[in-house]
Amino acid sequence: MNINNLPDNPYLLLTPGPLSTSKSVKAAMLQDWCTWDEDYNLKVVQEIRYRLTLLATSMSGLYSTVLMQGSGTFAVESVIGSAIPSSCKLLIIANGAYGMRMIQIANVLNIPYETYILDEVSQPDIDQVREILEKMPEITHLAIVHCETTTGILNPVREITALAKHYNKTTIVDAMSSFGGIPMDVHEWQIDFLISSANKCIQGVPGFGFIIARKDKLEQCKNQARSLSLDLYDQWITMENGGKWRFTSPTHVVRAFLQALVELEEEGGIEKRYARYSKNQKILVKGMREIGFTTLLPDFMHSPIITSFLSPNQKEYSFIKFYNLLKDNGYVIYPGKISKGDTFRIGNIGVVNPSDIDKLVEAIISIKFWGD
Ligand SMILES: *Cc1c(COP(=O)(O)O)cnc(C)c1O
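The following paragraphs examine the structure supplied in this document.

Reading guide: rules and limits
Every chain begins its residue count from 1, and numbering advances along the sequence as written. Predicted model: local features are reported for residues with pLDDT of at least 70 only, side-chain atom pairs are reported and counted for 80 or more only, and whole-chain, interface and lining totals are derived from all residues. Values reported for side chains reflect all heavy atoms of the structure, with hydrogen atoms and water molecules removed beforehand. We define the nonpolar core as a collection of buried residues of types Ala, Val, Leu, Ile, Met, Phe, Trp, Tyr and Cys that are connected through side-chain atoms lying within 4.5 Å of one another. Between buried and exposed lies partly exposed: a residue is buried under 20% and exposed over 50% of the maximum accessible area for its type, with that area taken using a 1.4 Å probe on protein chains only. Strands are runs of DSSP state E lasting at least 2 residues, helices are runs of H or I lasting at least 4, and numbering of each runs from the N terminus. Pairs of residues are marked as contacts when any of their non-hydrogen atoms sit within 4.5 Å. Here a polar contact is recorded for every N or O atom pair within 3.5 Å, except that within protein the pair must consist of a potential hydrogen donor and a potential acceptor, and residues adjacent in sequence are included only if both atoms are side-chain atoms. The rule is short: rings of Phe, Tyr and Trp, with Trp giving its six-membered ring, pair when the centres are within 6.5 Å, and they are stacked under 30 degrees, edge-to-face over 60, tilted in between. Arc definition: it is the arc formed by the directions from the helix axis to the C-beta atoms. Nearness of a residue to a molecule or strand requires only that one of the residue's heavy atoms be within 4 Å of it. The accessible surface values rely on the Shrake-Rupley method and a 1.4 Å probe; as for residues, cover is taken only from the protein chains in view. Two strands make a pair as long as DSSP finds a minimum of two bridges between them. Only the stretch in contact is used when a helix axis is fitted, and all axes are lines through C-alpha atoms; the angle between N-to-C directions ranges over 0 to 180 degrees.

**Digging into the nonpolar core**
So, point 1. The biggest cluster of nonpolar side chains holds 58 residues, and the ones touching the most others in it are Leu52 and Phe179.
So, point 2. In terms of residue count, helix 9 (residues 251-267) provides more of this core than any other element does, eight residues in total.
So, point 3. Ignoring anything within four residues of it in the chain, the contact list for Phe179 reads Leu52, Leu55, Ala56, Met184, Leu194, Ser196, Cys201, Ile202, Phe210 and Ile212.
So, point 4. Core analysis: the next-biggest nonpolar cluster, separate from the first, contains 33 residues, Ile80, Ala143, Ile195 and Tyr233 among them.

Here it is as structure tokens:
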């Protein structure tokens, strides 16, 4: 098949996932797979698990990767629901919607927890975390989001997990929107459970999440799950047995994900992808500031993943009008997600290049929906 014959997407997604994928990733979905055949189990599922563990750390022998059906939240829920015994207590650090979602999960699953909640434009403070851990020795686990996609803020995960380990806590990191796009080593960063999903920086299509975890920590999840289908230990043990999934796996999505991993390697790996995303983000912010837009966050807090801008204060501005005009020009952006203040977001990830961002800025200038 000549993939150039596939139709172009009608617009470029500048969103935090699902995002713009390559034609070759989409084309990889054009075969049907039998889930007990080695062509799928060994050559696709096990290959993906192997590659992900290697991408995550140079100490890959200590870690294992578990794939979990569903969107990213299902993978987060499987970790929170499986890793924390009923006698234990979780500290959740939240400065955005995804941190708050972990609190919701703990609530629904009846998991004892404490919170350290900040506003959406503040990074957690190390001394405050230390104080909480000192004051509450009953805390056994700590969970934090790496890049809070709500705003694009980057949290100081490495410092916080180092502190958590100093107090001997188990660490859970939602690196959904950063893994594959920002260099990190789970072992060096002392992360016990790292969670991400297919449709973010690896540039696959949506349908499953994955957990990269220390094997000794996975062992401890046995018989602890509060859900049958989201039982992390059971899913792991079944997958260890030749790449099987307990329940129907999203075969086409999984095959496309392997292609996305191959393309990540072809691009030059995570460092190179990080450089591209960072360039996208810098060009975007520079261009938008030149037109008169203001970013929600100061530069030092910023991830290269997604950028929040304050909405223009033109009287006639409405997000949906702005959105539709940009869409007519071939670009799809994202609404804001912060609780106070009016913002919109532009994603920098996916099959998006600096030249696309240049053209986006030109399109925004041409539709004149900015400042007054
Ligand atoms: C995308 C994302 C999730 C998962 O969201 P789903 O809609 O369930 O895929 C979780 N955390 C963060 C930080 C994310 O960016």
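**Structural notes on the side chain of Gln69**
So, point 1. Along the chain, Gln69 turns up in strand 2 (residues 63-69).
So, point 2. Reaching out from Gln69, the side chain makes a polar contact with the side chain of Gln235 at a distance of 3.1 Å.
So, point 3. Reaching out from Gln69, the side chain makes a polar contact with the backbone oxygen of Phe247 at a distance of 2.7 Å.
So, point 4. Non-local contacts of Gln69, meaning those with residues more than four positions away in its chain, are made with Phe74, Gly207, Phe208, Gln235, Trp245, Phe247, Thr248, Ser249 and Pro250.

**A closer look at the packing of aromatic side chains**
So, point 1. Taken as a whole and judged by the stated rule, the model has 13 aromatic pairs.
So, point 2. When the ring of Phe208 is compared with that of Phe257, the centres are 5.1 Å apart and the planes differ by 75°; the resulting orientation is edge-to-face. Highlighted residues: Phe208 in strand 10 (residues 208-214) and Phe257 in helix 9, separated in sequence by 49 residues.
So, point 3. Since its relative accessible area comes to 0%, Phe208 is described here as buried.
So, point 4. Relative to Phe344, the ring of Phe293 has its centre 5.6 Å away and its plane inclined at 85°; by these criteria the two rings are edge-to-face.

**Quick word on helix 6 (residues 157-166)**
Note that an α-helix has 3.6 residues per turn; residues three or four places apart therefore point the same way.
So, point 1. Of the residues making up helix 6, those classed as buried are Val157, Ile160, Thr161, Leu163 and Ala164. Along helix 6, the residues classed as buried sweep out an arc of 155° about the axis, all on the same side.
So, point 2. On its buried face, helix 6 sits against strand 3 (90-94), helix 5 (126-135), strand 5 (141-145) and strand 8 (170-174).
So, point 3. Within two residues after helix 6, Asn168 carries a phi angle of roughly 65°, on the positive side.

**With respect to the site of the ligand**
So, point 1. Neighbouring the ligand are the residues Ser71, Gly72, Thr73, Tyr98, Arg101, Val145, Cys147, Thr149, Asp174, Met176, Ser177 and Lys200.
So, point 2. One nitrogen or oxygen atom from the side chain of Thr73 is found 2.5 Å from an oxygen atom belonging to the ligand.
So, point 3. Within the side chain of Thr149, one N or O atom sits 2.4 Å away from an oxygen atom of the ligand.
So, point 4. Within the complex, 87% of the 380 Å² of free accessible area of the ligand lies under protein.
So, point 5. Every element with two or more residues in the shell around the ligand is listed here: helix 3 (72-83) and helix 4 (97-108).

**Quick notes on the sheet that holds strand 9 (residues 193-197)**
So, point 1. With mixed pairing, seven strands are arranged side by side in an open sheet as 2-10-9-8-5-3-4. At either end of the open sheet lies a strand with only one pairing partner, and these are strand 2 and strand 4 (113-117). Taking the axes of each pair of neighbouring strands and ignoring which way they run, one obtains an average angle of 20° across the sheet.
So, point 2. Packing against the sheet, helix 8 (residues 232-240) makes contact with strand 2, strand 9 and strand 10, and its axis sits at approximately 105° to strand 2.

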